[in-house]
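# Structural description and commentary
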Amino acid sequence: MSGKKFISGDEAFAQGVRLAKAQVISAYPITPQTIVVERLSEMVEEGELDSKFLHVESEHSALMAAMGAAATGARTFTATSSQGLLYMAECLTYVAGGRFPIVMMNANRATALPWSIYGDHRDSLSLLDHGWIQIYTENAQESLDMAIQAYAIAEQEEIRLPVMVNLDGFVLTHTYEAVDIPTQEQADAFLKPRETWDKLDFDKPVSMAYTVGPDLNEEYNLLHHKALLNVAKHIENIDVSFEKIFGRKYGGLINGYRTEDADLILITLGSISGLVRDVVDELREEGVKAGMIRIRFMRPFPAEELIRETAHASAVGVLEKDISFGFEGTVYSNVNSALSKSAHKISTYDFIGGIGGKNISKEDVRSCFAAMQKKESEEVRFIGLEVEDDI
Amino acid sequence: MTSESTERINAENITEDEFFFGHKACAGCGGSLAVRIALKVLGERTLLVEPAGCMSAVSFNYPQMSFSNNAIISAFAGTGAVLSGLKAGAEVMGWKDYHVLGIAGDGGTADIGLQALSGLIDRNDDVIYLCYDNEAYMNTGIQKSGLTPFGTSTTTTPAGKKGKGNLKHKKNLFEIVAAHDIPYAATASIGYIEDFANKIKRASEVRGTSFIHVLAPCPTGWGIDTSETVEVAREVVDNGLWYLAEYYDGEYHINRKPKEFKDIHSYIKRQGRFKHLDEEDIKEIIAQRDKTWKRLQQYSVGQ
Ligand SMILES: Cc1ncc(C[n+]2csc(CCOP(=O)(O)OP(=O)(O)O)c2C)c(N)n1
Ligand code: SF4
Ligand SMILES: [Mg+2]
């Protein structure tokens, strides 16, 4: 299967995993991730993908099984969403600290309670500190492409870390788009089979996932931290070689749009970016120097890139689908911390929207720019509310 | 399938090679004896997984690793899943001639890891799961687990003015496992080490998942002398409070049926964890023992 096909984000991701030749797949179903798992099972069943599919009884086991397989040197894949991601949370720190380069797709979905199957980013953002590389994609094509790139990043010798690729639940996972499916030859030219010294080995038996006492534990954490920072160094090369073979490029940790001279910049993650770009174009026609930045990687966090991209801005807003209760949005906390090191003073705004799948309209996005333009108060605000915020 | 399919392992023919040494287990630790013997039977080409618990805590302390075969720690609840992952990985890597072994405690098996164990047996991956049962959460300081026997004083079921220690009987783990219709399950005791070694061997010859539940006293948690471990592990079989059995081909087999059970008093009285028990409690323990045996005998074939 190659060439242009009309498929959903989940299906696109499954195609990416097939092309990356994941050798062991273990996953547990949860809406809106299920389709990726179903497609992969079909591919294995029909012989399109030579892989072992493990039917596990939970997400905790899904990630633990992937870890066991990764320890033998195999390329592994798992996928989950929301409560499933939280259920495997203990294992996230495990595989990250153990430096197992597992790739996981997470279909971003609200976290209970209140119960909701619809999308927001609270699931993955609440686990930002678990030591994984976190990528957020914008459309089905990027999702497929990042499934392949994720393995190149994860398995890079100076990185050797797990990667979580996040797709907005339903908006991305279930929306059909025309997607260019690369050929296996292209994928093979880009991604070699996994080679590693860091595995169980009968010739040189090892112990893995061990205990480190207070004497060296901090040093281990420092190595982990540096490995994550190394992503910034490698991502551009990986993207350049990707472009040479596939003819598509995504740039680095962020994607700026009309930021060169922008005075007001709105920062987003994931699928809402298209709408924000449209609003930026409208505002530009109205004479407002608007711009937008899509953060592609939340970890490592693109601090330097954001400072560079906001060099001319007087105000920067974050439009995000999450809230760290009792404080502010997590993306905003990260952005604000980075911009505090900017050479010039920037006003920063936090707009919380799209929680539990709530629609974000063009007017909502315009209202974010308007608040920045009018230099309104910098308090955290929830946008697009049905009920007025007078509680 | 018969238990005598190949030459039996005994003290004379078991390998002199050691795969588990330099660890920090307490003197007289029954669990570490079970680990040592299991690895001697299976050999160097064993991929071992251990979850949190005493056996991993005493042996994976960087830079002092205690296994000379390949080994990995699992999250506490994940042994069954890591076993499947290791097996799947070994298969796709094309490895040949090896064993995949999981060794978890009673808490790691009968409580927090029971779901993953059930998933493993359901997948029927060709691996061995060994549960060393010291009848409490020892690594965290002797708390009650689902396999702590009736009357045991632990740090979370302290015997005091009102309390008699743990009021629940041990879960029937062997029967829970057998109810999955697993290809091979067995109980064992480190007091009958040859029987245990041969059950490990048999498990390695079975295709699909096999499970062994070995009773392994813990001097620290049981309040016995470090020299008494093996003796106590024999006595508990001889007095019927533990049993040696197998499940295969869909049927239960009792391996050792004492003509007459040894009196349980000496077993109870010699252990600090039981020292508060009175005659009433001992009667209750005997009644439960007899109930278990009656049920097992009803199930069992042969012998
Ligand atoms: C998820 C999780 N919960 C709790 C613990 C703490 N913990 C570590 S070992 C242990 C007890 C293990 O008991 P058991 O499995 O019986 O093995 P033993 O220590 O007795 O050998 C506990 C409760 C943990 N490591 N992980
Ligand atoms: S506490 Fe018990 S099980 Fe743990 S190492 Fe000591 S003797 Fe062995
Ligand atoms: Mg125990």
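Being a predicted model, the structure only gives us computed values, none of them experimental.

A few words on the sheet that holds strand E6 (residues 133–136) of chain A. All names here are of chain A. Taken in spatial order, the seven strands make up an open sheet running E3-E2-E4-E5-E7-E6-E13, and their pairing is mixed. One side of each edge strand has no neighbouring strand; the edge strands of this open sheet are strand E3 (52–55) and strand E13 (297–299). Adjacent strand axes in the sheet meet at a mean angle of 20 degrees when their direction is disregarded. Pairing analysis gives four bridges linking E6 to strand E7 (residues 163–168), with the strands arranged parallel.

One pass over the structure, following the stated rule, counts zero disulfides over all chains. Summary of cysteine pairing: Cys91 of chain A is not part of a disulfide, and the nearest cysteine sulfur, belonging to Cys131 of chain B, is at 20 Å. What makes Cys91 of chain A buried here is its relative accessible area of 0%.

Further remarks concern the nonpolar core. Within the largest apolar cluster, 85 residues are counted, with the highest numbers of intra-cluster contacts made by Leu63 and Phe100 of chain A together with Leu47, Ile72, Leu86 and Phe211 of chain B. A total of nine residues in this core trace back to one element, the largest contributor, which is helix H3 (residues 59–71) of chain A. With residues near it in sequence (within four places) discarded, Leu86 of chain B still touches Gly68, Ala69, Ala71, Thr72 and Leu200 of chain A together with Leu47, Val49, Ile72 and Val100 of chain B.

With the exception of glycine, the majority of residues adopt a negative phi angle, and the majority of peptide bonds are in the trans configuration. The linkage connecting Thr31 of chain A with the following residue, Pro32 of chain A, adopts the cis geometry, with an omega of 0 degrees. With respect to the element layout, Pro32 of chain A can be found in the loop between strand E2 (24–27) and helix H2 (34–45). Geometrically, the link from Tyr62 of chain B to Pro63 of chain B is a cis peptide bond, its omega value of 5 degrees lying close to zero. Tracing the sequence through the fold places Pro63 of chain B in the loop between strand E2 (60–61) and strand E3 (64–65). Despite not being glycine, Arg258 of chain A shows a phi value in the positive range, around 50 degrees. Mapped onto the fold, Arg258 of chain A is located in the loop between strand E10 (254–257) and strand E11 (264–268).

The next subject is the pairing of strand E4 (residues 70–73) of chain B. Residue alternation in E4 of chain B divides its side chains into two sets, Asn70 and Ile72 of chain B and Ala71 and Ile73 of chain B, and both sets are buried. By the bridge criterion, two bridges tie strand E9 (residues 207–208) of chain A to E4 of chain B in an arrangement that is parallel. Bridge pairing in E4 of chain B places Ser207 of chain A opposite Ala71 of chain B. Judged from the four bridges that link them, strand E1 (residues 46–50) of chain B and E4 of chain B form a sheet pairing that is parallel. What sits directly across from Glu50 of chain B, in E4 of chain B, is Ile73 of chain B.

Residue and element names in this part refer to chain A. A contiguous nonpolar surface patch, about 490 Å² in accessible area, is contributed by Leu113, Trp115, Ile117 and Tyr118. Among the structural elements, Tyr118 can be located in the loop between strand E5 (103–108) and helix H6 (122–125). Taking relative accessible area as the criterion, Tyr118 reaches 45% and is therefore assigned partly exposed.

As a further point, take the pattern of salt bridges. Two side chains with opposite charge may pair up if their charged atoms get near one another. Counted under the stated rule, the structure contains 44 salt bridges over all chains. Between Glu18 of chain B and Lys40 of chain B there is a salt bridge, with the nearest N and O atoms lying 2.9 Å from each other. One end of the pair, Glu18 of chain B, is in the segment before helix H1 (30–42); the other, Lys40 of chain B, is in helix H1, with 22 residues separating them in the sequence. Residue Glu18 of chain B is classed as partly exposed on the basis of its relative accessible area, which comes to 29%. Here Lys40 of chain B falls in the buried class, since its relative accessible area comes to 9%. Across the pair Lys164 of chain B and Asp281 of chain B runs a salt bridge whose closest N-O atoms are separated by 3.1 Å. With Lys164 of chain B in the loop between strand E6 (128–133) and helix H6 (173–178) and Asp281 of chain B in helix H11 (residues 279–299), the pair connects residues that are 117 residues apart, well separated along the chain. Overall, Asp281 of chain B belongs to the buried group, its relative accessible area being 3%. A network of salt bridges, in which partner residues are shared, links Glu138, Glu142, Arg277, Arg294 and Arg296 of chain A.

A word on the domain arrangement of chain A. Residues and elements named next belong to chain A. Entries for chain A in the domain assignment read domain 1 (3–246) and domain 2 (254–382). Counting from both sides, the interface comprises 28 residues of domain 1 and, opposite them, 24 residues of domain 2. Across the contact surface, domain 1 and domain 2 share six salt bridges. The salt bridge partner of Asp129 is Arg299, with a shortest N-O separation of 3.8 Å.

As a further point, take the interface of chain B and chain A. Residue-level contacts link 38 residues of chain B with 37 residues of chain A. Carbon and sulfur atoms supply 65% of the area that chain B and chain A bury against each other, a total of about 3000 Å² over both sides. Broken down residue by residue, the surface that chain B buries against chain A is led by Tyr62, Asn70 and Trp95 of chain B, which jointly contribute 20%. Counting every contact that joins chain B to chain A gives two salt bridges. Residue Arg123 of chain B is joined to Glu57 of chain A by a salt bridge in which the shortest nitrogen-to-oxygen separation is 3.7 Å. One can count 13 residue pairs in polar contact (both at pLDDT 80 or more) joining chain B with chain A. For the side of chain B that touches chain A, the elements supplying multiple residues, two or more each, are E1, E2, E4, helix H3 (79–92) and helix H5 (114–123) of chain B. Tallying contributions element by element places H3 of chain B first for the side of chain B that touches chain A, with 10 residues.

What counts, and where the lines are drawn
Residues numbered from 1 in each chain as written. Chains lettered and ligands numbered in written order. Predicted model: local features only at pLDDT ≥ 70, side-chain atom pairs only at ≥ 80, totals over all residues. Heavy atoms only, no water. Pairing = 2+ DSSP bridges. Helix = DSSP H or I, 4+ residues; strand = E, 2+ residues; numbered from the N terminus. Axes fitted to C-alpha atoms, helices over the stretch in contact; angles between N-to-C directions. Disulfide = S-S within 2.5 Å. Buried < 20%, exposed > 50% of the residue type's maximum accessible area, 1.4 Å probe, protein only. Core = buried A, V, L, I, M, F, W, Y, C linked by side-chain atoms within 4.5 Å. Contact = heavy atoms within 4.5 Å. Patch = residues over 30% accessible without salt bridge, like charges linked within 9 Å, V, L, I, M, F, W, Y side chains within 5 Å. Areas by Shrake-Rupley, 256 points an atom, 1.4 Å probe, with all protein chains shown as cover. Salt bridge = Lys/Arg side-chain N within 4 Å of Asp/Glu carboxyl O. Domains from an automatic or database assignment. Buried area = accessible area lost by both parts, 1.4 Å probe. Polar contact = N/O pair within 3.5 Å; in protein donor to acceptor, adjacent residues only side chain to side chain.

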